[in-house]
Amino acid sequence: MKLSGAEIIIKSLQAEGVEAIFGYPGGQVLPIYDALYGSSLTHYLVRHEQGAAHAADGYARATGKPGVCLATSGPGATNLVTGIATAYMDSVPLVALTGQVPCDMLGKDSFQEADITGITLPITKHNFLVKDVNDLARTIKEAFHIATTGRPGPVLIDIPKDICVKQTTFKYPDKVNLKGYKPTMKGNKGQISNAVKLIGAAKRPVIYAGGGVVVSNASEELFRLAELTVSPVTTTLMGIGAFPETHPLSVGMLGMHGTKSANFAVSECDLLIAVGARFDDRVTGKLDEFASEARIIHIDVDPAEIGKNVRVDVPIVGDVKMVLTELNGKLEQQQSSEWQERVARWKDKYPLCYKENGVLKPQCIIEEIYNITKGEATIVTEVGQNQMWAAQYYKYTKPRTFISSGGLGTMGYGLPAAIGAKVGRPDSVVIDIAGDGSIQMNIQEMATAVHYNIPVIIAILNNSYLGMVRQWQEIFYERRYSYTDITGPDFVKLAEAYGALGMRVTEHKDVRPALQKAIEANRPVIIDFVIEREENVFPMVPPGGAIHKMLGG
Amino acid sequence: MRHILAVLVENNPGVLTRVAGLFSRRGYNIDSLTVGRTESARISRMTIVVSGDDQVLEQVTKQLHKLVDVIKINDITSDQYVDRELVLIKVGADPAVRAEIMQIVDIFRARIVDIGRKTLMIECTGDEGKINAVIQSLMPFGIKELVRTGKVAMQRGHKFTSINEIREDD
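Just so you know, these numbers come straight off a predicted model, no measurement behind them.

**Remarks on the sheet that holds strand S4 (residues 67-71) of chain A**
Residues and elements named next belong to chain A.
Alright, step 1. Read from one edge of the open sheet, six strands run S3-S2-S4-S5-S7-S6, paired in parallel fashion. Both edges of this open sheet fall to strand S3 (42-45) and strand S6 (126-129), since each of them pairs with a single strand only. Strand-to-strand, the axes of this sheet are offset by a mean angle of 20 degrees, without reference to chain direction.
Alright, step 2. Where S4 lies against strand S5 (residues 94-100), five bridges are found, and the strand directions are parallel. Note that in S5 the partner of Cys 69 across the bridge is Ala 96.

What follows is the structure in structure tokens.
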């Protein structure tokens, strides 16, 4: 029996085990939407295509399964771009389907035509323009394979309308055959032996764990590595949750807004074991002084990350979980020494801290969120101060419970990503920790949350500033607050206008009751926390500075 | 230092854009790039000449490998290889100087492929040095038009950058 291209798309998505799609219809995807109608796939109608991309991204990060978004040609497709770039920078498996003008209209500046494969070339792991209906099923198979294997990433499939209408026999391929795509999964045995030797000889080891540990589902293996080597563990922003922050060996996040203990430990260690991390500038600060006393073992699935920013002594290309399993099997139990005590003393001496002065502090809101959810919630963030406080003051113990735009730093990510995360993990309490600036970038998705009754809680840390930019202006630009003083709407009324529950909190004593009410409401909630206006995120490493030289905290 | 990369790619639409885009986006300098089909219609071969130190080359190679359409990359710089360019030169040639030009053409074992009333078109192949030399020699006569291909290169002897080799790998 012959099926139309649109029906083939639906059948292929079903074959991939897709359950949820986030999308927005339009002219060139009408055939796909017609095939969706009455199918087993659940489609969530967002209010802006950027929301669809972020929701699919949040879904993917919360579940580990690929996220799928769908948009029409031209403006629909270009609206996905920021979301795709966000997923690309954080290695999130995402499949974006876009409609396109019919093949015979391509290249003629047709209505709602945009060269989306050209536009997304530098921000996708790969992309496709399907010009023959017979290639459609194979292309979708390849797209999911590429998006989810090796170092995951977004893949876009651009599908002209006539391809959706044309018919062919449908057979979903069992396997892919891509000559140029064979990710290395197993680590080199010789290099793993070299790593074992370095670890055995190290006096002051530190583990630096990144998002790759979460992506590879290798938290247990990382835990074992830490215990075997008795290494203090620091994570990147993307690595948060990969190692329990309640563990004595955890020193929290490192880098620009990392803890003093993490930055000191990295600066003084003699062995740095980098696991699924990429030596980003927000982590390393001044490269010459980053881990300058250390030999470096770098484990990553992407060979291009090794040696990109720092020279490493032992490179191990492979899947983090597979490499750590093999490495752990060869390691002997190391003993605790003066080094571990020293790091523990730093931890005691330099905890993250802030000053109470009677005004509502953002840090204490995060602590209350931690207390009331007992660390079991899924925390999603926007970008800026809210993101850093959320990273610092909540103790994450499980992977995929901290969802944030790290690499691209996309304001407006949080709300749609929270919706996606909640769709993927309906049993988890999902809280978007937002700023009053960021939340307004995709606030329209409140309508999506209300329409489908997706009970996400939006905790706005409202200082009526673009807080992080203001902080930089305060520190580096002599308090010249150029266009960072921002007036927001009445968020309580806004919540109500969308049909959500709105609350305002101005005092510490009301934080917990409001959170309790929000969790029990079981519907979308906005809490407008009116906080200290000029609170800063500390500690802070000035950009390009050495990470052991921190301001504040 | 200049490196010569022999790169096999899937002959998909847009593959040249993917490769060229990667170079510009990451700030690598392409000195020359040539591309054409191999004996298999589905696979093309690029010869890319790129400048940079070892670290840059390592990154170029690794980033190229990440492109799904890129099948194989060989840095053949340190091997024994043959490299060639082809140039077409239209040179001003009044009857008075034609004999002199033809002598130069002979010396370089180039060929005259077209004669106009006041011009000659000359075809020459060779390595980069020879091509530069022939251009220099013809310059005084007035070069009206010039097109050169950029480098193609192949390793000598029993070393290959070929799909046959890939089939063996499989």
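**Observations regarding the environment of B:Glu145**
Residues and elements named next belong to chain B.
Alright, step 1. On the secondary structure map, Glu 145 appears in strand S8 (residues 143-148).
Alright, step 2. Separated by 106 residues in the primary sequence, Glu 145 and Glu 39 place their C-alpha atoms 32 Å from one another.
Alright, step 3. Apart from residues no more than four positions distant in its own chain, Glu 145 is found in contact with Leu 88, Ile 89 and Lys 90.

**Notes on the interface of chain B and chain A**
Alright, step 1. Facing the 19 residues of chain B at the interface are 18 residues of chain A.
Alright, step 2. Here chain B and chain A share an interface that buries about 1600 Å² over both sides, 50% of which is from carbon and sulfur atoms.
Alright, step 3. Across the contact surface, chain B and chain A share one salt bridge.
Alright, step 4. Where B:Lys66 meets A:Asp302, a salt bridge forms, and the shortest distance between an N and an O atom there is 2.6 Å.

**Observations regarding helix H11 (residues 219-229) of chain A**
Alright, step 1. Where H11(A) is concerned, the buried positions are A:Ser219, A:Glu221, A:Leu222, A:Leu225, A:Ala226, A:Leu228 and A:Thr229.
Alright, step 2. Taken from the residues just after H11(A), A:Val230 is the one with a positive phi, measuring 45 degrees.

**Describing the packing of aromatic side chains**
Two aromatic rings, taken as a pair, are described by how far apart their centres are and by the angle between their planes.
Residue and element names in this part refer to chain A.
Alright, step 1. Considering all chains together, one arrives at 18 aromatic pairs over all chains under this definition.
Alright, step 2. The interplanar angle of 35 degrees and the centroid separation of 6.3 Å between the aromatic rings of Phe 170 and Tyr 172 together place this pair among those described as tilted.
Alright, step 3. Judged by relative accessible area, Tyr 172 falls into the buried class, the value being 14%.
Alright, step 4. Through a chain of ring-to-ring contacts, three or more aromatic side chains come together here, namely Phe 22, Tyr 44, Tyr 59 and Tyr 452.
Alright, step 5. Residue placement shows Arg 470 over the ring face of Tyr 465; its charged tip is 5.4 Å from the ring centre.

Procedures and definitions
- Residues numbered from 1 in each chain as written.
- Chains lettered and ligands numbered in written order.
- Predicted model: local features only at pLDDT ≥ 70, side-chain atom pairs only at ≥ 80, totals over all residues.
- Heavy atoms only, no water.
- Pairing = 2+ DSSP bridges.
- Helix = DSSP H or I, 4+ residues; strand = E, 2+ residues; numbered from the N terminus.
- Axes fitted to C-alpha atoms, helices over the stretch in contact; angles between N-to-C directions.
- Contact = heavy atoms within 4.5 Å.
- Buried area = accessible area lost by both parts, 1.4 Å probe.
- Salt bridge = Lys/Arg side-chain N within 4 Å of Asp/Glu carboxyl O.
- Buried < 20%, exposed > 50% of the residue type's maximum accessible area, 1.4 Å probe, protein only.
- Phe/Tyr/Trp six-rings, centres within 6.5 Å; stacked < 30°, edge-to-face > 60°.
- Lys NZ or Arg CZ within 6 Å of the ring centre and 35° of its normal.

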